[in-house]
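Per-entry structural report
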Amino acid sequence: MKLATLRLDKPPTVVDAGIGVHGVSTTHDVFRLPDLWQLHLYNYEGALSLGQSVHPIRPGHVSLVPPNTEVHFHYLGRSEHVYVHLRLHDGGTARVLPVMQDAAAESTHLADLLRNAVTAMPTSPPRATAEVWAALWRIAELPRSNGAGRHHPFVAAAQAYVEEHLTGSLSVPDIARAVGISHTHLTRVFRAETGLTVVSYIRHRRLQRARHLLLSSTLSITAIAAAVGIADLQAFNKACRRELGASPRDIRAAGREGTGKKIVRPHEDTHTRDARGVTP
C-alpha cells in the first residue's frame, strides 16, 4: 500500500493520542486497528511495511494508515513517535495522499500540533480534535515530488502572501521577491497550476472578499473597496461587474432581499472550477 484516501471536510474523532516508545524489547511489531486510522510522526530510523510495500522511516517522516490495515514496524533500537488513533468521517472531498511522507520543515509545526493534542486529550478532547484536524490539513498539503493533488510550494507561498496583503499594493515582482523566485518563474508555475495569471488571481481573491463583505457586513461600499485594495470607487464598480456580474449595490441588495440567487460572472461554467473554487 502506497496511497491512502481520506476526507477532511469534517473534523476527525480522536480516540487516543500519545507518545509511543518501541524497539526496547523487540525489533518488530505487527498489529492493526480494525476501525481506526493511525497517524504517526516519527523521531527515529526504521521501516514500515504494509503488504508488499516497505516505507523507510526517518526523523520528520509522517504516516497515515487506513483502518483494518496490518502494519509491520521494524526498529533499529529505541524508537519514539507521536501517535494518534482516529476516525475520519465519510463524505466531502476525497484526498489521495502517500501513506508515508517526509514532512521536512513542516515537521516542527506538526510536532507542536500533535504534542498539544497529546496533552489536551485527557482534559479537553475538543481541543485535541482541533489540533489533530489542523495537523491533518498540513499533512494533506505537504509538497510531493510527483506534483499530484498539491500546491507547488512557490504557488502556495505566493497565494499566502496575496491573502496577507490584499488590502495593500500587490505586484507580481513584489510577490516573486517575497517567495524567493524570479518574476518569470512565478508567472510560469502559477499559471501551470491554477490556470490563472497572478494578476487574475489577485483580482479574483479581492472580489471574492468584497462579495463576502457586501453580503455579510454593514461596511460602506467605500470602506469595502479600500478593505480589498481597490480604493478607487469607479475601478471597484467596474471590477465587481466584470468579476461578479453586478454592481456592488446590486450585490448587496440581492443579499438583503434573500432571493438566494447566485451572482456569478456572465457565462461562468461552474464545471470549470478547480479544486480551490477558482474558475480559469
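So, how was this worked out
Residues numbered from 1 in each chain as written. Predicted model: local features only at pLDDT ≥ 70, side-chain atom pairs only at ≥ 80, totals over all residues. Heavy atoms only, no water. Axes fitted to C-alpha atoms, helices over the stretch in contact; angles between N-to-C directions. Helix = DSSP H or I, 4+ residues; strand = E, 2+ residues; numbered from the N terminus. Parallel < 35°, antiparallel > 145°, perpendicular 65-115°, else oblique. Contact = heavy atoms within 4.5 Å. Nonpolar A, V, L, I, M, F, W, Y, C, P; charged D, E, K, R; others polar. Pairing = 2+ DSSP bridges. Patch = residues over 30% accessible without salt bridge, like charges linked within 9 Å, V, L, I, M, F, W, Y side chains within 5 Å. Areas by Shrake-Rupley, 256 points an atom, 1.4 Å probe, with all protein chains shown as cover. Salt bridge = Lys/Arg side-chain N within 4 Å of Asp/Glu carboxyl O. Buried < 20%, exposed > 50% of the residue type's maximum accessible area, 1.4 Å probe, protein only. Core = buried A, V, L, I, M, F, W, Y, C linked by side-chain atoms within 4.5 Å. pLDDT = per-residue confidence, 0-100.

1. Section: the packing of helix H4 (residues 172–179) against helix H5 (residues 183–194)
Axis separation between H4 and H5 bottoms out at 8 Å; the angle between their running directions is 95°. Compared by their axis directions, H4 and H5 come out roughly perpendicular. Every residue of H5 that contacts H4 at Val-172, Pro-173, Ile-175 and Ala-176 is listed here: His-183, Leu-186 and Thr-187. When grouped by side-chain class, the residues that make up the contact of H4 with H5 number 5 nonpolar, 2 polar and no charged.

2. Considerations on the sheet that holds strand S11 (residues 100–102)
On the basis of which strands lie adjacent, the open sheet formed by 5 strands has the order S2-S9-S4-S7-S11 and antiparallel pairing. Each edge of the sheet is formed by a strand with only one pairing partner; in this case those strands are strand S2 (13–22) and S11. Across the sheet, the axes of successive neighbouring strands diverge by a mean angle of 20°, strand direction being ignored. In this structure, strand S7 (residues 61–65) lies alongside S11, joined through 3 bridges in antiparallel fashion.

3. Regarding a nonpolar patch on the surface
Together, Ile-19, Val-21 and Val-24 make up an exposed nonpolar region whose accessible area comes to about 250 Å². Among the secondary structure elements, Ile-19 is positioned in strand S2. Classification of Ile-19 as partly exposed rests on a relative accessible area of 35%.

4. Section: the nonpolar core
Of all hydrophobic cores here, the largest spans 41 residues; its most connected members are Leu-39 and Leu-48. Beyond its immediate sequence surroundings of up to four residues, Leu-39 is in contact with Val-62, Ser-63, Leu-64, Val-82, Tyr-83, Val-84, Leu-86, Leu-114, Leu-136 and Ile-139. Leu-170, Ala-176, Phe-190 and Leu-196 belong to the second-largest nonpolar core, a separate cluster that totals 17 residues.

5. Notes on the sheet that holds strand S3 (residues 28–31)
Reading across from one edge, S3-S8-S5-S6 is the order of the 4 strands in this open sheet, with antiparallel pairing throughout. The open sheet terminates on both sides in strands that have one partner only, identified here as S3 and strand S6 (53–57). Averaged over all pairs of adjacent strands, the angle between their axes in this sheet comes to 20°, without regard to strand direction. Summarising the sheet, strand S5 (residues 46–50) and strand S8 (residues 71–75) pair through 4 bridges and their orientation is antiparallel. Of the residues in S8, the one forming a bridge with Gly-46 is Tyr-75.

6. Looking at the confidence of the model for the chain
Averaged over every residue, the pLDDT of the chain is 85; the share at 70 or more is 89%. Here residues 146–150 is modelled with pLDDT under 50, and outside its nearest four sequence neighbours on either side it reaches 5 contacts, counting other chains as well.

7. Section: the pattern of salt bridges
With the rule as written, the count across this model stands at 8 salt bridges. Here Arg-203 makes a salt bridge to Glu-243, at a shortest N to O gap of 3.7 Å. Note that Arg-203 is positioned in helix H6 (residues 198–216) and Glu-243 in helix H8 (residues 233–244), a separation of 40 residues in sequence. Classification of Arg-203 by relative accessible area gives partly exposed; the value is 27%. The buried category is assigned to Glu-243, whose relative accessible area is 5%. Via salt bridges that share partners, Arg-78, Glu-80 and Arg-115 belong to a single interconnected network.

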